[in-house]
Amino acid sequence: MAKIVIAGSADCPYFAKVELLADNLAKNLPSFKLHKIVRTANDWPDWSRHCCRERGWRHQRSPIIWRELVNQGGKGVLIGGANEFQEFAKAYYDAESSMLSPEMLAVAKDNSRYKSELDAEEAHLRSLSKPLQVLVTASASPTAYQLLPLLMDGSVFGRSTELAFTLFDCDGLVMEAFDLAHPLVRSIRATANFQEAAAAADILLLLDDVLLKPPSPQESATDGEEDKKAAMATEASPAEGDSPTKLDKSDADAAASAAELAARVDWLSAAAAVYRRYADWLNAAECSRRLKVLLAGRGPVNFGARVLLDACPRLPARNVAAAGRLLERQAKGALAGHMKVLPSSVVDLIVWGDPAGENLVDLSRARVHYYDGSITGPDSYNQPVLDTVWDKKWLNQEFPKTMRQRQDNNLLLGGTGPRSAALSTAQATADTVRNWWLGGSGNEICSLGVVSEGWYGIPPGRVFSFPVRFQPKGAWSVVEDVDLSEESVQRLAQLAEAAQRDYLLVFPPPKPPTPEPVVEESVDIGGDLEIALDDGQKVPSQTPVDMASVEQLRDRLQSLSLPALSAEALLKLTPDLVEQLLRLEDVEQLRARLQRLEEAPLTTVAEEVGDAQAADDAEAEAEEENNDEVNEEEEAGEEGDD
């Protein structure tokens, strides 16, 4: 069966004539199928040129009439213009038109007016439609390729929500996504201008894959050789009791750790550069404060969320989240495989910490439905997972090992191929967006990376994976009634410190300013030895003073319950004065001497000390003279005896 297609300009009188002739045939002949295409006078030239070029025709005047096979497709068979169609109708159906020129002009005028009214009504209806603006980055990634069909089918944002998608920096996917023909999708476009797209966006999905490149064996070996050479330069021989094999092993372990740390720093630095660039664009675009941002994909999403919030303060913290459901789903899959149930049967499993770093898979509240055990019940019946898994060795050893392997496959470059975990990542992301936008079901608990407000002892400001419920609609709330053991509390504190270490690897705290040099004030009294005062200052002494003698004097004053010397008094001390004070036995005389020392100026003390020294010198000289006289007399007596 064939159909006739009539295309023409609304103000064309010949289009009006053949249109009425075709309407008469369609009314009287049930097998005559008719399709009409009407364009305005302004649109007709470009449309007709494109139509004829696409089909290889040369006829561009209004109207253009061709014949197509129904349900078969193809470019169709060109019939021609108005005259050719009238000949076709006369030859096949013995039908012709008797319209005269005035009637043709009148119908063309009515057609033009009706087309204008119809276009105005359609434009008004389009203006009433305000589709949800969804901006997706890394649209060419495997995750985005799997995610876009899930977002477009109406199951994520609702069956009545119209959608408009903007794909950042990806042209090749637009036509393929448009060919999906989802009825809720109003537009799909690609753009290289992130700021323009972000200014109108309602939801931003950051799907950038920032993958961890593991250190190569060559790099590790090179680092190990350098460490060994450095060790040989600083230590000629191994310590006693350490064998060379033991040292080589420790050096190799240290080299491997250094290589892993360097690789992680490079990985986090690359992620920081990506998310800081998005933050700068969001600041420049002055994005809406109602914009919801979800970080997904294969990479350090918790770290990226913190970088984004620090660099873009205009975004509310509760509008930025990091998808952590992929690791949660993988844990459910591993448990379900061991218990021989469906992964959807495992509920309320919690992932704490960082899905791309150190984390804790918590099974304390996890429950399982439809477990084939000794006790069964209705669909709502469930059992604790820890009571169901009887193989504790598998739970404590094999299960963590399996989770580490799956985490590596998610994050490592070339883990299991270019599309590693793309399908499961896309589904986990779609489910997270659905719960966030439409609300969760009942009391379902999910894992989500959000900014801590002090929950469970995690310092505020750190992005951490918590158990959440998506209630009310369009929001989330942290489940705050999870009972944690003391060991789990300590583990959460360790996870928080690990997340902080990752952040400080890229953004170290600013170094404190170098303090200005302190200019020490001193009294120049001709000495060159400094005495430490009680308040921490240092002053030069008149003459070299033995610090041990000063400390001895302080101890003696303390033992006698006498007041300690002030800073000014310490300035007045001399070696002779210290010796005199130490020799003085009478406590009251010592007290009086100390009082005089405190009150007297520096010069007076020096004079007194000098007078005392002079008196001592005179006494010593006199004693020496007496000794000399005695010696002379004794020598004279000895000569007389001889």
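Residues numbered from 1 in each chain as written. Predicted model: local features only at pLDDT ≥ 70, side-chain atom pairs only at ≥ 80, totals over all residues. Heavy atoms only, no water.

Considering the overall build of the chain
Okay, step 1: For the chain, the helix and strand inventory stands at 20 helices and 20 strands.
Okay, step 2: Put simply, the chain has 642 residues, and 40% of those count as buried.
Okay, step 3: By sequence separation, contacts in the chain at least 24 residues apart represent 66% of the contacts at least 6 residues apart.
Okay, step 4: Surface exposure of the chain reaches about 36,100 Å², of which carbon and sulfur atoms provide 50%. (Helix = DSSP H or I, 4+ residues; strand = E, 2+ residues; numbered from the N terminus. Buried < 20%, exposed > 50% of the residue type's maximum accessible area, 1.4 Å probe, protein only. Contact = heavy atoms within 4.5 Å. Areas by Shrake-Rupley, 256 points an atom, 1.4 Å probe, with all protein chains shown as cover.)

Comments concerning the sheet that holds strand β11 (residues 346-347)
Okay, step 1: Overall, antiparallel pairing links the three strands, which are arranged β11-β14-β15 in an open sheet. Strands at the two margins of the open sheet, each flanked by one partner only, are β11 and β15 (382-384). (Pairing = 2+ DSSP bridges.)

As for the sheet that holds strand β4 (residues 77-80)
Okay, step 1: In space, the four strands of this open sheet follow the order β2-β1-β3-β4, with mixed pairing throughout. With partners counted over all chains shown, the strands left at the sheet margins are β2 (33-39) and β4, one partner each. Each neighbouring strand pair of the sheet contributes to a mean axis angle of 25 degrees, computed without reference to strand direction.
Okay, step 2: As defined by bridge partners, strand β3 (residues 64-69) adjoins β4 across three bridges and the pair is classed as antiparallel. For I65, the partnering residue across the bridge sits in β4 and is G80.
Okay, step 3: The sheet strands contacting helix α2 (residues 44-55) are β1 (2-9), β2 and β3, and the helix crosses β3 at an angle near 40 degrees.
Okay, step 4: Packed onto the sheet, helix α3 (residues 82-93) meets β1, β3 and β4 and runs at close to 100 degrees relative to β4. (Axes fitted to C-alpha atoms, helices over the stretch in contact; angles between N-to-C directions.)

Side note on the packing of helix α18 (residues 575-583) against helix α19 (residues 587-599)
Okay, step 1: Contact pair α18 / α19: the axes reach a minimum separation of 10 Å and the direction vectors enclose 155 degrees. By the angle class used here, α18 and α19 are roughly antiparallel. When the axes of α18 and α19 are compared, the crossing they make is left-handed. Between α18, through L577, Q580 and L581, and α19, the contact on the second element is made entirely by L590, R593, L594 and L597.
Okay, step 2: Among the residues forming the contact of α18 with α19, the class breakdown is five nonpolar, one polar and one charged. (Parallel < 35°, antiparallel > 145°, perpendicular 65-115°, else oblique. Left-handed = near helix turned anticlockwise from the far one by under 90°. Nonpolar A, V, L, I, M, F, W, Y, C, P; charged D, E, K, R; others polar.)

Digging into the pattern of salt bridges
Okay, step 1: Summed over the entire model, instances satisfying the criterion amount to 21 salt bridges.
Okay, step 2: Residue D23 pairs with K36 through a salt bridge whose shortest N-O separation is 3.4 Å. With D23 in helix α1 (residues 13-28) and K36 in strand β2, this pair connects stretches of sequence that are 13 residues apart.
Okay, step 3: One salt bridge in this structure joins R264 and D502, with 2.8 Å as the shortest N-O distance. Separated by 238 residues along the polypeptide, R264 in helix α9 (residues 244-285) and D502 in helix α15 (residues 486-506) bring together distant segments of the chain.
Okay, step 4: Among the residues examined, D502 registers a relative accessible area of 12% and is labelled buried.
Okay, step 5: Connected through salt bridges with shared partners, the residues E19, D23 and K36 form a single ionic network. (Salt bridge = Lys/Arg side-chain N within 4 Å of Asp/Glu carboxyl O.)

Here we look at the side chain of S62
Okay, step 1: Counting through the fold element by element, S62 comes out in the loop between α2 and β3.
Okay, step 2: Among the residues examined, S62 registers a relative accessible area of 19% and is labelled buried.
Okay, step 3: A polar contact is formed between the side chain of S62 and the backbone nitrogen of S9, at a distance of 3.0 Å.
Okay, step 4: Excluding anything up to four places from it in sequence, S62 contacts G8, S9, C12, F15 and W44. (Polar contact = N/O pair within 3.5 Å; in protein donor to acceptor, adjacent residues only side chain to side chain.)

Digging into the packing of helix α11 (residues 325-339) against helix α14 (residues 422-438)
Okay, step 1: In the contact formed by α11 and α14, the axes pass within 9 Å of each other and the chain directions differ by 115 degrees. In this view, α11 runs roughly perpendicular relative to α14, as classed from their interaxial angle. α11 and α14 meet at a crossing whose hand is right-handed. Residues R325, L326 and R329 of α11 form the contact with α14, whose own contacting residues are S424, T425, Q427, A428, D431, T432 and N435.
Okay, step 2: Classifying every residue of the contact of α11 with α14 by side-chain character gives two nonpolar, five polar and three charged.

Digging into unusual backbone geometry
Okay, step 1: The linkage connecting S62 with the following residue, P63, adopts the cis geometry, with an omega of -5 degrees.
Okay, step 2: In this structure, P63 sits in the loop between α2 and β3.
Okay, step 3: Cis geometry marks the peptide bond from Q471 to P472, where omega comes out at 0 degrees.
Okay, step 4: Checked against the element boundaries, P472 lands in the loop between β17 (463-469) and β18 (477-478).
Okay, step 5: The phi dihedral of A138 falls on the positive side, at around 50 degrees, and the residue is not glycine.
Okay, step 6: Examined against the element boundaries, A138 turns out to sit in the loop between β5 (132-136) and α5 (142-152).

Description of the pairing of β5
Okay, step 1: In terms of burial, β5 is a largely internal element, four of the five residues being buried.
Okay, step 2: In this region the chain leaves β5, passes through α5 and returns to the parallel neighbour strand β6 (residues 163-168); the handedness of that crossover is right-handed.
Okay, step 3: When β5 meets strand β8 (residues 203-206), the two strands line up parallel, connected through three bridges. Across the sheet, V136 pairs through a bridge with L205, a residue of β8. (Right-handed = clockwise from strand over helix to strand, strands pointing away.)

A short note on the nonpolar core
Okay, step 1: Ranked by internal contacts, the top residues of the largest apolar core, which has 49 residues, are F157, F165, L205, F466 and W476.
Okay, step 2: With five residues, α5 is the single largest residue contributor to this core.
Okay, step 3: Built from parts of two domains, this core gets at least three residues from each of domain 2 (129-212 + 281-319) and domain 3 (323-412 + 422-506).
Okay, step 4: Residues in contact with L205, not counting those within four places in the same chain, are V134, L135, V136, T137, L147, L151, L294 and V433. (Core = buried A, V, L, I, M, F, W, Y, C linked by side-chain atoms within 4.5 Å. Domains from an automatic or database assignment.)

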